[in-house]
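# A closer look at the structure
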Amino acid sequence: MNILQVLILGLLLGGVYSLMASGLTLLFGVMRVVNLAHAVFMILAAYIAFYLFDLAEVDPVLTIPVTMPVMFLLGVVIYLLIFPRLETSERYVEMTVLLTFALALIVEGLLTFFFTGIFRSTRPEYGTESFFVGDLFIPKGQLVALGVSLVLLIGLWAFLKVTKTGTAIRATMQNRTAAQLVGVNVRRISAISFGVGMALAGAAGSLLSYLFPFFPSRHWQWVAIMLSLIVLGGLGSLKGAVVGAVTLAIAAAFVTDILGPTWSPVTFFLALFLVLMFRPQGLYGKVVRI
Amino acid sequence: MTALLDLKEIRTGYGAGPDILHGISLTVEAGRSYCIIGPNGAGKSTLLKLVCGILKPRSGEVLSNGNSVGGLRPDQLLALGISYVPQERTVFPTMTVRENLYMGAYSVEDKDLVEERMDRVLTLFPILDERRSQIAGTLSGGEQQMVTLGRALMVDPKLMMIDEPSLGLAPQVADQIFGTIRQLSQSDTTILLVEQNAQRGLESVDWGIVLDLGAKSFEGPAEGILDDTRIRELYLGTRVSSRGEVEG
Amino acid sequence: MAETRVEPIHTLDEHEPDGAGRSGQRARRWFLLAVVILIVAVPFFRPWIGAYNYVLQLGMIILMWVTMASSWNILGGFTGYISLGHNVFFGIGGYASGLALAYLGISPFLTAPLAGLISMVLGVLIGLITLRTRGPAFIISTIALLLLTHNLVDNWELSGGAAGLSLPFPPLPVEWLKVPFYYGMALCAFGAVWMAHRISHSKFGLGLRALSQDETKAEVAGINTRLYKVSAYALSAFFIGVAGALFGYSLSYLRPTTFFEIGLAAQMVLMCIIGGRATVAGPVIGAILITTVNEFSVVQFGATALNIVVTGGILLITLLFFPLGIVGSLRESGRLPAILDWD
């Protein structure tokens, strides 16, 4: 395939990958939580989108106003039920990994039980159509996903920069102790951040529903992919999440072109592995031992 | 007259570890300035962390103006006017000096008041005024210390607790910091200072409190403390036995 | 009785109730002997056991999980490095022996120890790379490794890719088919538990525990943490590889999902956490408990996805409320019976 074409395909997907990565990295930045359940909740959102599409013919993008608030609330509730108990634990970050791992198993099991392992996908019209520009084709569905992702990412940026809560979140990400000392209620902010992160996963799930076929146990692959994106970008860095996402999306596009689609996930796993071994702080992360 | 801060028989420690403070009792009067000194491991920092809400008391009471404030969170204590400048540099590293100071006023609603205080802080620390658009993470140690002090002042605290401000700073820079603290101690703000450098610390305040092994050893006017023979015992480990002979 | 003060953990006698020192040890020895004899004797009770093959199969599975959990614990419990993808060695062992059988005709009963050795060598190589990270970075890398291997094996034509490879049946009459696998797993289980016990009592084990509490301090104290960590990683891989070889043969089929599915890693972690990390008896108790609970729920409710919900749920509750596990909590409160104190 034409190099430019591959580049375009990569860039388009980079949008929705950025959306996924930003939610996950936000959680780490604010609360030092490595959320292994992030992808399974994304798939939960995809199922919500699927049934809204299947039963009420709602366009996947239009399910976002449903999936985001639902996932936000779910995130806040889950955070408050589980995490405050850990705050005094010595091996806090390790514990969050194990806890979210357990959570991922629970949700995966429930999804499989209720929805079975059949491959699902929503099928909006733009999912299979493309624009043609000269020799190049631009899949409509992915362009839509890019557009939606950009809107949401800009919204996130504005929220963090302008609102008081957003500023408190940024402060907590930079220095949790300092934030506490200037009057930020870090527990409340953590719960809200968890909600926001999950809401972003929710939006990504809605988009995912037509971009890739999904089924419950698929989430492990997505979690590894998302982790590779944020590890490359630097844990806790939103800018890094976007850069990492676009970089790996483009890399994966080239791998798919040269070696075929079954090798695409390997790009992410290998990248994850290599970054952890040789530059664990990623591109923009602080040189802090996580 | 109820004290600004009243600690009664406080015991506390970290996590599941042993008690660091063993039944400490202390009174802090409004308007005065205090310096807590003592050897390493005496529990000085622990005491401050307890008062500012980072640690909770395991037993004993913490009262402020007669009200019990023992289990409150740091942000709640801030609302009562208790602010804390920790040992570790706690600037917001990617924010500018100005943004850092504004963050200090996070809990303040009145915008005009915030501007007023901002002016006051920048006057108190001219260097910060100069560097107000610089990214805080790129400042020197002393400048970052000033940022954290300035930030704490943005809420116009009733009680300001400062933990080892001169740690890791060059003597000249430390001088500046102590100078500012002395200025502050002459204002309405009550200062509670913890300092390893006993001499410099005591020079900046009215009253000295000596801590040892998690308990209050003795206290008195700052000027007299350094001359007190008990200090030498504490720091050098010589003990005068009941028969008046020097041991250890 | 000379008592040596051993930092940073308990002395060997400290937690036994007063006066029970010597007799506690004796009770423990008899208990363990009885258990070993029982395990070895079960297949001989053929005339009295109804569903013979089922019983042996269940026994084999329990012994397999005892092996896996005890091995995992060497890295996850003693050393404090949690691997959420340790079944990668299960698959490596399974495929190594399975392919040797399929293409060279050599029985896995002969190649199983070799499979364990291969797992161990790969453990050294992988460990040298991955153990450069700590904490959550390491945990993430173990997941990445598992998924990467799964993906690679899925695409490997030699092993039949994702569909897998059929293996020839063992040359035995059907009634006695399960017996050698049962004894094979029993040997693995004895081996793994014995290894854990030896490590726990050795200077090596002491070093691992120091390392798990504070790696920097351990280094400063003169412990070659790199050597210790990589050794622990390699040792933890050995019996898992052997078990994999036997298991693959017992199924007469090699398929990637059988070995590389992340649920297997989850089970190992759960068994050790619920039993008690950093103890020798903990993983054994955890393995027996979880396997029987699983078996019970499959019999009662069928093999549905609710099983992983239960696994995840138990793990969650244990992490939140009983992080020390059964053996760990009992020891902490001083109520650990001597027969279960195998450290």
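Notes on the structure in this doc start here. No experiment lies behind these values; they were computed from the predicted model shown. The written sequence of each chain sets the order in which its residues are numbered from 1. For naming, the first written chain is A and the first written ligand is 1, with later ones following in the order written. In keeping with the model being predicted, local features are shown solely for residues with a pLDDT of at least 70 and side-chain atom pairs are shown and tallied solely at 80 or more, while totals for entire chains, interfaces and linings include all residues.

The next subject is the overall build of chain B. Runs of E in the DSSP output that reach at least two residues are strands. Runs of H or I that reach at least four are helices, and both are numbered from the N terminus. What chain B contains, in helices and strands, is 10 helices and 12 strands. Expected size for 248 residues packed as a compact globule is a radius of gyration near 18 Å; at 18 Å, chain B falls within 12% of this value. With the principal axes as the frame, chain B shows a C-alpha extent of 65 × 40 × 35 Å. Whether a residue is buried, exposed or partly exposed follows from its count of other C-beta atoms within 10 Å of its own C-beta, namely 20 or more, 12 or fewer, or something in between, respectively; the C-beta atoms are built from the backbone. Counting every position in chain B, which comprises 248 residues, the buried fraction comes to 43%. Contact between two residues is assigned whenever their backbone-derived C-beta positions fall within 7 Å. In chain B, 64% of the contacts between residues at least 6 apart in sequence involve partners at least 24 apart. The reference for a compact globule is 2.2 Å times residues^0.38; the radius of gyration itself is calculated from the C-alpha atoms.

All names here are of chain C. What counts as an axis is a line fitted to C-alpha atoms, over the stretch in contact for a helix, and the angles between N-to-C directions run from 0 to 180 degrees. At a minimum axis separation of 8 Å, helix α3 (residues 88-104) and helix α4 (residues 108-130) run at an interaxial angle of 140 degrees. Accordingly, the angle class assigned to the pair α3 and α4 is oblique. At the point where α3 passes α4, the crossing takes the right-handed sense. Facing α3, whose interface residues are F89, I92, G93, A96, S97, A100 and L101, α4 presents P108, T111, A112, A115, G116, I118, S119, L122 and G123. Residue polarity follows a fixed list, in which Ala, Val, Leu, Ile, Met, Phe, Trp, Tyr, Cys and Pro are nonpolar, Asp, Glu, Lys and Arg are charged, and the others, Gly among them, are polar. A breakdown of the residues in the contact of α3 with α4 according to their chemical character gives 10 nonpolar, six polar and no charged. Should an angle fall under 35 degrees it is called roughly parallel, over 145 degrees roughly antiparallel, and 65 to 115 degrees roughly perpendicular, with every other angle called oblique. Crossing chirality is assigned from the near helix's rotation relative to the far helix, an anticlockwise turn below a right angle marking it left-handed and a clockwise turn marking it right-handed.

Another aspect to go through is the packing of helix α12 (residues 281-301) of chain C against helix α13 (residues 306-321) of chain C. All names here are of chain C. The contact between α12 and α13 brings their axes to 10 Å, and the two run at 145 degrees. By crossing handedness, the relation of α12 to α13 is classed as right-handed. In contact with N294, S297, V298 and F301 of α12, α13 contributes L306, N307 and V310. For the contact of α12 with α13, the residue count by class is four nonpolar, three polar and no charged.

Taken residue by residue, the interface counts 33 residues in chain C and 34 residues in chain A. Contributions of two or more residues to the side of chain C that touches chain A are made by α5 (135-154), α11 (262-275) and α13 of chain C. Broken down by element, the residue count for the side of chain C that touches chain A peaks at 12 residues, all from α5(C). Here the side of chain C that touches chain A is built from residues that sort into 22 nonpolar, nine polar and two charged.

The strands that make up a sheet pair up through hydrogen bonds in the backbone, lying either parallel or antiparallel. Residue and element names in this part refer to chain B. With respect to topology, four strands assemble into an open sheet ordered β2-β1-β4-β5, the strand pairing being antiparallel. The open sheet has two free edges, formed respectively by β2 (19-28) and β5 (67-68), since each of these has just one partner strand. Sheet strands touched by helix α1 (residues 44-51): β1 (5-13), β2 and β4 (59-64). Its angle to β2, the strand with the most contacts, is close to 65 degrees. By this definition, two strands are paired if DSSP reports at least two bridges between them.

Taking 1.5 Å of rise per residue, 24 residues should cover 34 Å, and helix α4 (residues 92-115) of chain A covers 34 Å from first to last C-alpha, within 8% of that figure. Following α4(A) by one or two positions, T116(A) adopts a phi angle in the positive range, close to 60 degrees. A helix is expected to span 1.5 Å for every residue after the first.

What follows concerns the nonpolar core. Of all hydrophobic cores here, the largest spans 283 residues; its most connected members are M42(A), A224(A), M226(A), L272(A), M185(C) and A243(C). What M226(A) contacts, discounting residues up to four positions off in sequence, is M20(A), A21(A), L24(A), H38(A) and A39(A). A set of buried residues qualifies as a nonpolar core if it consists of Ala, Val, Leu, Ile, Met, Phe, Trp, Tyr and Cys joined through C-beta atoms within 7 Å.

What follows is about the pairing of β2(B). Residue and element names in this part refer to chain B. Pairing geometry for β1 and β2, over seven bridges, is antiparallel. Bridge pairing links D6 to T27 in β2. Between β1 and β2, which follow one another and run antiparallel, lie five residues, and G15 among them has a positive phi close to 55 degrees.

Quick look at unusual backbone geometry now. With a phi angle near 55 degrees, E57(A) is a residue other than glycine that sits in the positive phi range. As for its position among the elements, E57(A) is in the loop between α2 (38-56) and α3 (64-82). Positive phi is not limited to glycine here, since A278(C) has a value of about 60 degrees. Of note, A278(C) is situated in the loop between α11 and α12. Its 25 C-beta neighbours within 10 Å are what place A278(C) among the buried residues.

As a further point, take the arrangement of the chains. There are two pairs of chains in contact here, and the one with the most contacts is chains A and C. Nothing in chain B touches chain C; the tightest C-alpha to C-alpha distance between them is still 14 Å.

All names here are of chain A. Structurally, V231 is set in helix α9 (residues 219-233). When the 33 C-beta atoms within 10 Å are taken as the criterion, V231 is described as buried. Here the alpha-carbon distance between V231 and T247, two residues 16 residues apart in the chain, equals 12 Å. Look past the residues within four positions of V231 in its chain and what remains in contact with it is L272, V275, L276 and G282.

Right, let's get into the sheet that holds strand β8 (residues 190-194) of chain B. All names here are of chain B. What the six strands build is an open sheet, ordered β6-β7-β8-β3-β9-β10; its pairing is mixed. With one partner strand each, in any of the chains shown, β6 (82-85) and β10 (215-221) form the two edges of the open sheet. For this sheet the average axis-to-axis angle between neighbouring strands, irrespective of direction, equals 20 degrees. Two strands pair when backbone bridges link them, and β6 and strand β7 (residues 159-163) are joined in this way by four bridges, in the parallel orientation. Looking across to β7, one finds that V85 is bridged to I162.

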